[in-house]
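Here is what each chain is made of, one letter per residue.
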Amino acid sequence: MPDQRPPDSAFDLRARAELALAFDPGQPPAQLFRHTPLWARLGVQRAVAALLLAATGTTAVLAMRPPALVRDAIEHEYYERTLRGNFIDSRQVLQHLGLSPEQALPGYPQLIRPCDIDGHLAYHLTTFFEKGGMVTVFAFDDATALPDASGWWGNVYWQVITARNGKPLVLVAQKEKALGVAQAALQAAPPLTSAVTSPRPSTATPPPGSFVFPTPPISQETP
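Residues numbered from 1 in each chain as written. Predicted model: local features only at pLDDT ≥ 70, side-chain atom pairs only at ≥ 80, totals over all residues. Heavy atoms only, no water.

Novice: Whenever I open this one, helix α4 (residues 90–97) confuses me. Can you help?
Specialist: What sets the pattern is the α-helix's 3.6 residues per turn: residues three or four places apart point alike. Those residues of α4 that fall on the buried side of the exposure criterion are V93, L94, H96 and L97. Around the axis of α4, the buried residues are gathered within 165 degrees of arc, so they sit on the same side. Turned more than 90 degrees off the buried face of α4, the exposed positions are R91 and Q95. In this structure, the buried side of α4 is in contact with β2 (108–117), β3 (120–129), β4 (133–140), β7 (168–173) and α5 (176–186). (Buried < 20%, exposed > 50% of the residue type's maximum accessible area, 1.4 Å probe, protein only. Helix = DSSP H or I, 4+ residues; strand = E, 2+ residues; numbered from the N terminus. Arc of directions from axis to C-beta. Contact = heavy atoms within 4.5 Å.)

Novice: Is there a simple way to think about the nonpolar core in this case?
Specialist: Generally speaking, nonpolar side chains in soluble globular proteins are found buried as a group. Within the largest apolar cluster, 22 residues are counted, with the highest numbers of intra-cluster contacts made by L97, V135, V137, L169, L171 and L186. Of all elements in the fold, only α4, β3, β4, β7 and α5 reach the threshold of two or more residues within this core. It is α5 that provides the largest number of residues to this core, a total of four residues. Once residues within four sequence positions are removed from consideration, L171 is found in contact with V135, T136, V137, Y157, W158, Q159, I161, L179, A182, Q183 and L186. (Core = buried A, V, L, I, M, F, W, Y, C linked by side-chain atoms within 4.5 Å.)

Novice: Please clarify how the confidence of the model for the protein should be interpreted in this entry.
Specialist: Close inspection of predicted coordinates is inappropriate for parts of the model with low pLDDT. Averaged over the protein, the pLDDT score is 81; the fraction of residues at 70 or greater is 75%. Counting contacts from residues 219–223, a segment whose pLDDT is below 50, to residues more than four positions away or on other chains yields zero contacts. (pLDDT = per-residue confidence, 0-100.)

Novice: What is the right way to look at the environment of A182 in this model?
Specialist: When you line up the elements, A182 lands in helix α5. For the pair A182 and L171, spaced eleven residues apart in sequence, the C-alpha to C-alpha distance is 8.1 Å. Those residues in contact with A182, other than ones at most four positions away along the chain, are F129, V135 and L171.

Novice: Even after reading the chapter, I still don't get the sheet that holds strand β5 (residues 149–153), so can you show me in this structure?
Specialist: Strands in a sheet are paired, the pairing made by backbone hydrogen bonds, and the direction either parallel or antiparallel. Read from one edge to the other, the open sheet built from seven strands follows the order β1-β2-β3-β4-β7-β6-β5, with strand pairing classed as mixed. In this open sheet, the two strands that pair with only one neighbour each are β1 (85–86) and β5. Across nine bridges, β2 lies against β3 in antiparallel orientation. Across the sheet, residue P114 finds its bridge partner in β3, namely Y123. (Pairing = 2+ DSSP bridges.)

Novice: What am I meant to see in a nonpolar patch on the surface here?
Specialist: A cluster of nonpolar residues, Y108, F128 and M134, forms a patch on the protein surface that exposes about 280 Å² of accessible area. Along the chain, the position of F128 falls in strand β3. (Patch = residues over 30% accessible without salt bridge, like charges linked within 9 Å, V, L, I, M, F, W, Y side chains within 5 Å. Areas by Shrake-Rupley, 256 points an atom, 1.4 Å probe, with all protein chains shown as cover. Salt bridge = Lys/Arg side-chain N within 4 Å of Asp/Glu carboxyl O.)

Novice: What exactly am I supposed to notice about the environment of A185 here?
Specialist: By the secondary structure assignment, A185 is in helix α5. The class for A185 is partly exposed, based on a relative accessible area of 28%. For the pair A185 and L99, spaced 86 residues apart in the sequence, the C-alpha separation amounts to 10.0 Å.

Novice: Looking at this model, I keep getting lost on the pattern of salt bridges. Mind explaining?
Specialist: One side chain can pair with another of opposite charge once the charged atoms of both are near each other. Evaluated as defined, the whole model comprises three salt bridges. The residue E77 makes a salt bridge to R81 at a minimum N-O spacing of 3.0 Å. Residue classification places E77 among the buried positions, given a relative accessible area of 8%.

Have a look at this one:
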């Protein structure tokens, strides 16, 4: 196809020659290039997106992370999950659970033993609730400051509740429903005891308006 452009004029030839002498071939001035802002570059955008994603993930993990004592209790429960037996008097466990020593342990107890969790003496109770499942309860002997909270950590559900004696209890279960059933059993009001009263003698009076025959006195004289 023939070239349809008009022939170069003298001005075009002179301008082309001057430009060829002023600049080296292949090195045009920098101001002739189009500048892309730093934030608009693809590599910078990918780096910023990766940083935002990492920050969001870290924040979510830290928000779900339980206190150190709860994490140690979860680890302790993992290693003793298959242990069964009664290694301590149930009345001691009931006392630390905030329950009456005369009542039975909640659920169907599977494991009762004292244990050490990060230097804290704790009473370990693993029990089964028919409408919830298996739950492990840790009651600490010393005064431990743990706020009421719940979450998911280490592939188990955990919850911190306050017992009736004011001390915190750490609950660990593989089913979230089991925590609610255990909480209701541990925080339930104590059963009312019926008072036994001695019967009183009847002091009933005859209704008004009724006539009562007088009883004649018995004579003590002999005929």
